[in-house]
Amino acid sequence: MLPALYKVAADGLPTFADKGYIGAGIGIRIPVRRPKGKSEQAFHTDTRTFNALVRHVRALGERTAAELKQRWRALQHVTLSPSRIGDIARAALVLNKIWK
C-alpha cells in the first residue's frame, strides 16, 4: 500500500483530490473514473453520489482559494510551502470575514 501523499490524510482526515491523483495513497479521496466509452449513468447510484459529493466539496475549496487570492494580492505571489503559509492564509480568512 502506498503512503499518504499528505500528512493530514495519514492522520485520518479525509483529503479530497481530483481524478489526476490516482494512486496518491491512503486517505486521499478521488472520484471514481468512468471506463472509456461509458457514460456516468453506467455507474451505480452510490458511485454517482460519491462523485458528486467529492466535486461539491472540492468546488467549495477551490472557490475559497480563488476568492482569497483575488482579494489579497499578497497571496498570489507567495511561494512558501503549504505548511508555512498557513498563518498567512488564516489571517486572510479572518480579514475576509470582516471585509464581507
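No experiment lies behind these values; they were computed from the predicted model shown.

S.K.: Quick question: what am I supposed to make of the overall build of the chain here?
M.R.: From N to C terminus, the chain includes three helices and two strands. Reading the helices (α) and strands (β) of the chain from amino to carboxyl end gives α-β-β-α-α. Relative to its full complement of 100 residues, the chain shows a buried share of 17%. By sequence separation, contacts in the chain at least 24 residues apart represent 23% of the contacts at least 6 residues apart. For the chain, the exposed surface amounts to about 7,800 Å²; the carbon and sulfur share of it is 60%.

S.K.: Is there a simple way to explain the side chain of N51 in this structure?
M.R.: Here N51 lies in helix α2 (residues 45–71). Contacts of N51, omitting those with residues within four sequence positions, involve P31, V32, E40 and F43.

S.K.: Please clarify how α2 should be interpreted in this entry.
M.R.: Along an α-helix, a turn takes 3.6 residues, which lines up residues three or four apart on a common side. The end-to-end C-alpha distance of α2, which contains 27 residues, comes to 39 Å, matching closely the 39 Å that a straight helix rising 1.5 Å per residue would cover. Looking at α2, one finds that the buried residues are N51, V54, E67 and L68.

S.K.: How should I be thinking about the confidence of the model for the chain in this particular structure?
M.R.: Note: predicted coordinates in regions of low pLDDT should not be interpreted at a detailed level. Within the chain, residue pLDDT values average 76, and 84% of them lie at 70 or more. Confidence, expressed as mean pLDDT per element, reaches its minimum in the chain at helix α1 (residues 7–10) with 72 and its maximum at α2 with 83.

S.K.: Explanation requested: the environment of E40 in the structure shown.
M.R.: For E40, the position within the fold is in the loop between β2 (28–29) and α2. Note: C-alpha distance between E40 and N51 (eleven residues apart in sequence) is 9.8 Å.

S.K.: Looking at this structure, how should I read the environment of G20?
M.R.: Counting through the fold element by element, G20 comes out in the loop between β1 (15–16) and β2. Considering only alpha carbons, one finds G20 and P31, eleven residues apart in sequence, at a separation of 9.6 Å.

S.K.: What is the right way to look at a positive patch on the surface in this model?
M.R.: A surface patch of positive charge is lined by K19, R33, R34, K36 and R55. The residue R55 is located in helix α2 in this model.

S.K.: So what exactly am I meant to see when it comes to the environment of P14 here?
M.R.: By the secondary structure assignment, P14 is in the loop between α1 and β1. P14 sits 13 residues away from G27 along the chain, and the two C-alpha atoms are 5.6 Å apart. Setting aside anything within four residues of it in sequence, one finds P14 in contact with G27 and R29.

Parameters and conventions
Residue indices follow the written sequence of each chain, beginning from 1 at its first position. Owing to the predicted nature of the model, reporting of local features is limited to residues with pLDDT of at least 70; listing and counting of side-chain atom pairs is limited to 80 or more, with chain, interface and lining totals taken over all residues. The basis for every side-chain value is the complete set of non-hydrogen atoms in the structure, without hydrogens or water. Secondary structure follows DSSP: runs of H or I at least 4 residues long count as helices, runs of E at least 2 residues long count as strands, and numbering of each begins at the N terminus. Burial classes follow relative accessibility: with a 1.4 Å probe on protein chains only, a residue under 20% of its type's maximum area counts as buried, one over 50% as exposed, and anything between as partly exposed. Residue contacts are counted whenever heavy atoms from the two residues lie within 4.5 Å of one another. For every accessible area listed, the method is Shrake-Rupley and the probe measures 1.4 Å; residues are considered covered only by the protein chains on display. Helix span, as expected, comes to 1.5 Å for every residue beyond the first. Values of pLDDT, ranging from 0 to 100, describe the predictor's confidence in every residue of the model. Every patch collects residues that have over 30% relative accessible area and no salt bridge, joining them within 9 Å if they carry like charges and within 5 Å if they are nonpolar side chains (Val, Leu, Ile, Met, Phe, Trp, Tyr). A pair is scored as a salt bridge if a Lys or Arg side-chain nitrogen falls within 4 Å of a carboxyl oxygen belonging to Asp or Glu. All tallies of charge rest on Lys and Arg as positive and Asp and Glu as negative; His and the ends of each chain are not included. For the purpose of locating charges, the reference atoms are NZ of Lys, CZ of Arg, CG of Asp and CD of Glu.

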